[in-house]
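# Inside the fold
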Amino acid sequence: MPRHAAPSADVVAAARAGERGALEELSSRTLPLVYSVAARAHPYRDDVDDIVQETMLRILRGIGGLERPEAFQSWVITITVNEVRDHIRRSGRRETTGAAFDAAEHRPDPAADFAEGVILNLRLSEQREESLRATRWLDEDDRELLSLWWLETAGRLARAELASALDMTGHQAAVRVQRMKERLHTSRLIVRTLAARPTCGELTRLTLDWNGAPSGLWRKRLGRHVRQCPRCVRREEGMLPPEGLLAPLALLPVPAALLAWRPWLSAGTHAAAPSHAGTAATSGGGGGSATAGTAGTAGTSLTTKAVMAVSALLAVGGALVYAAPAPWSSPSARPATAPTAPSPAPAPTASASASPSRPAPALGSAVSRPSPRPRYGSVVDTVDSAPLPDRPPAALPHRPQTTVTMTGLKRHLDGYQLVHRGDTVVLRGKGYFTVHWNLMYGLRSGLLTMPSWTGLRGRLFHVASGGGHRMDDRQPGATAGGTWMGNRQQGLIILPPGAQQMWQNEYYYLDGSVTLHLNETQADYNLDVLPSSWQETAGDIATSPAPHSADRERYGLVRDTDRDDAPVPQYATRSAPTDAGTVPQRSVVS
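Residues numbered from 1 in each chain as written. Predicted model: local features only at pLDDT ≥ 70, side-chain atom pairs only at ≥ 80, totals over all residues. Heavy atoms only, no water.

## Let's talk about a nonpolar patch on the surface
Residues L447, L492 and I494 make up a contiguous nonpolar surface patch of about 250 Å² in total accessible area. Structurally, L447 is set in strand 7 (residues 446-447). Overall, the relative accessible area of 36% leaves L447 in the partly exposed class. (Patch = residues over 30% accessible without salt bridge, like charges linked within 9 Å, V, L, I, M, F, W, Y side chains within 5 Å. Areas by Shrake-Rupley, 256 points an atom, 1.4 Å probe, with all protein chains shown as cover. Salt bridge = Lys/Arg side-chain N within 4 Å of Asp/Glu carboxyl O. Helix = DSSP H or I, 4+ residues; strand = E, 2+ residues; numbered from the N terminus. Buried < 20%, exposed > 50% of the residue type's maximum accessible area, 1.4 Å probe, protein only.)

This is the structure in structure tokens:
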């Protein structure tokens, strides 16, 4: 077995029984994983060794109470993450420096066999170094998530283990990972743009009062500029996806001093037998540390206390640790409950398409005649009003999903970006996808020529709106009257009469094929077309608004009725006109 592989279930079982050799092997195989998670999740490098030592003590003291050896790795990750959180809370040092990620630039362990030795012994490529510097721009929660996702991309963790460590469901973790990747991508673009020569004059003016320290606030300010500036956004070309860059760096080499001094094994020579203890770790309220049982003394047995909270966690989550495929990858998989708050009525809207689906009549109820089957295309998006910011959406109907493939010119994250007039993306398959709006009012304002959908084969529905705000919502930090559509100083983008006001993220369901066109004329805008799923869509629209946040001003909105009278997006047609901008605004798709 490779030295850095996770210990087998037999080794874990032997360690539970108190065998010294098994404890030594379990310690040596677990230490690199614990160190890698702690070093990347904690913002201060000088605290990491203390966190690792305390975590290893808790793991070995609690191993006797681990009821499922196959759940060992998930249990270890949970203890490590909780210990990092607890240490940050105790120390009171919460500012971001990104120093923890510098550990990845240390000299690699020459005996490491968990990645290609040649790659690990070469200097990091330019884009890997760029990615490591970009992590300094991430917030504490994103660094914690990145430390786990980093291991997932290298096959060291399953998604269920990642979700369990963060006390999330699978679809919540998927949404969090996608948002973290978007912020990492923005941070990489910021790092690349700041280092570029010649510099962008507008960027130089924007950073005159910046102290040079990465922060979430400046990530938002600079990110808005680099995404909207035509000169800076070109720096994005050739940027490789982070999965391929980070995966070879999944496990960090453990410092020699920490390897040589392993005090956790001197705490005792035997672990408590499984019959004498329950589960040994618990996740404290508010993300506290994982608390093991009574500390053993030299030469004595390691005893533990049974803690119900983690017993429940392992009993429920343990069976999912090595499940493959992930629970959201099957089109038939569906959580027992939707991730939305219990179902208040949807916000009032002028469009009948925003209403929830009608329940089927109960058996034996008096029905004079069956309702006529709704005709596809009978409802097209119409102008509606924004729901109350604090009103959760109705439950999102679950349509069958497999895969939506995309073909376009400019790759962006897992999808494509439409930047110039005439750019298109062709979508095929059955499932959900997202259209993310970027309005460049600082470059060209004026009348917006809406995008259009042509060559539709099959069915296309507008199922939900999310992203935390409508584009006509007030933009935090903007001047008086400033929205995501612009302001008086930089310019305003205006919708054509009768056009549906878009949200930051618009979600669609496709069963067939269609081509999406960007139709710029006056106003400048970009569209990011990204794959989604029912779980990601439901998770986004159900995320509550955050006070003083630039990201979330309101809950999302469900538009799907789960029937053929769900709304069809505006400017949709089965024909393929020469000029896609001439598609009628209120298309009728039969």
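Now, onward.
## Comments concerning the environment of S465
Tracing the backbone through its elements, the reader meets S465 in strand 8 (residues 452-470). Residue classification places S465 among the buried positions, given a relative accessible area of 0%. Placed 92 residues apart in sequence, S465 and L557 show a C-alpha to C-alpha distance of 5.2 Å. Beyond its immediate sequence surroundings of up to four residues, S465 is in contact with W503, N505, E506, I541, G556, L557 and R559. (Contact = heavy atoms within 4.5 Å.)

## Some details on the sheet that holds strand 7
With respect to topology, three strands assemble into an open sheet ordered 7-10-9, the strand pairing being mixed. Two strands bound the open sheet, and with one partner strand each, they are strand 7 and strand 9 (486-487). The sheet contact formed by strand 7 and strand 10 (residues 491-494) spans two bridges and is parallel. Pairing of G446 across the sheet is with I493, part of strand 10. (Pairing = 2+ DSSP bridges.)

## Notes on the packing of aromatic side chains
Considering all chains together, one arrives at nine aromatic pairs under this definition. Considering the side-chain rings of F72 and W75, the 6.0 Å spacing of their centres and the 45° angle between planes classify their relative orientation as tilted. Of this pair, F72 and W75 both sit in helix 4 (residues 72-91), separated by three residues, roughly a single helical turn. According to the relative accessible area criterion, W75 is buried, its value standing at 1%. On the basis of an interplanar angle of 25° and a centroid distance of 5.6 Å, the ring pair of F433 and Y508 is categorised as stacked. Of this pair, F433 sits in strand 6 (residues 424-439) while Y508 sits in strand 11 (residues 503-517), and the two are 75 residues apart along the sequence. F433 gets classed as buried once you look at its relative accessible area, which sits at 0%. Judged by its relative accessible area of 8%, Y508 is buried. Here the aromatic cluster, defined as three or more aromatic residues joined through ring pairs, consists of W137, W210 and W218. (Phe/Tyr/Trp six-rings, centres within 6.5 Å; stacked < 30°, edge-to-face > 60°.)

## Details of the pattern of salt bridges
A complete count under the given rule lists 23 salt bridges for this structure. As a salt-bridge pair, R159 and E152 come within 2.8 Å of each other at their nearest N and O atoms. In this pair, the class of R159 matches that of E152, namely buried. Among the ionic contacts, a cluster of salt bridges with common partners joins D384, R470, D472 and R559.

## Focus on the pairing of strand 8
In terms of burial, strand 8 is largely enclosed, as 15 of its 19 residues are buried. Pairing between strand 8 and strand 11: 13 bridges, direction antiparallel. The partner of G458 across the bridge, within strand 11, is G512. Here strand 8 runs beside strand 13 (residues 557-558); their pairing, made up of two bridges, is antiparallel. Each bridged residue has a counterpart across the sheet, and for A464 the counterpart in strand 13 is V558.

## As for the side chain of H436
By secondary structure assignment, the location of H436 is in strand 6. With a relative accessible area of 18%, H436 lands in the buried category. For H436, the side chain forms a polar contact with the side chain of Q504, separated by 3.2 Å. A polar contact of 2.6 Å, which involves the side chain of H436, links it to the side chain of N505. Every residue in contact with H436, bar those within four places of it in the chain, is listed here: Q504, N505, N526, L527 and D528. (Polar contact = N/O pair within 3.5 Å; in protein donor to acceptor, adjacent residues only side chain to side chain.)

## What to know about the packing of helix 9 (residues 170-195) against helix 16 (residues 534-541)
Where helix 9 contacts helix 16, the two axes come as close as 8 Å, and the packing angle between them is 80°. Compared by their axis directions, helix 9 and helix 16 come out roughly perpendicular. Contacts from H171, A174, V175 and R179 in helix 9 reach Q535, E536, G539 and D540 in helix 16. When its residues are assigned to classes, the contact of helix 9 with helix 16 shows two nonpolar, three polar and three charged. (Axes fitted to C-alpha atoms, helices over the stretch in contact; angles between N-to-C directions. Parallel < 35°, antiparallel > 145°, perpendicular 65-115°, else oblique. Nonpolar A, V, L, I, M, F, W, Y, C, P; charged D, E, K, R; others polar.)

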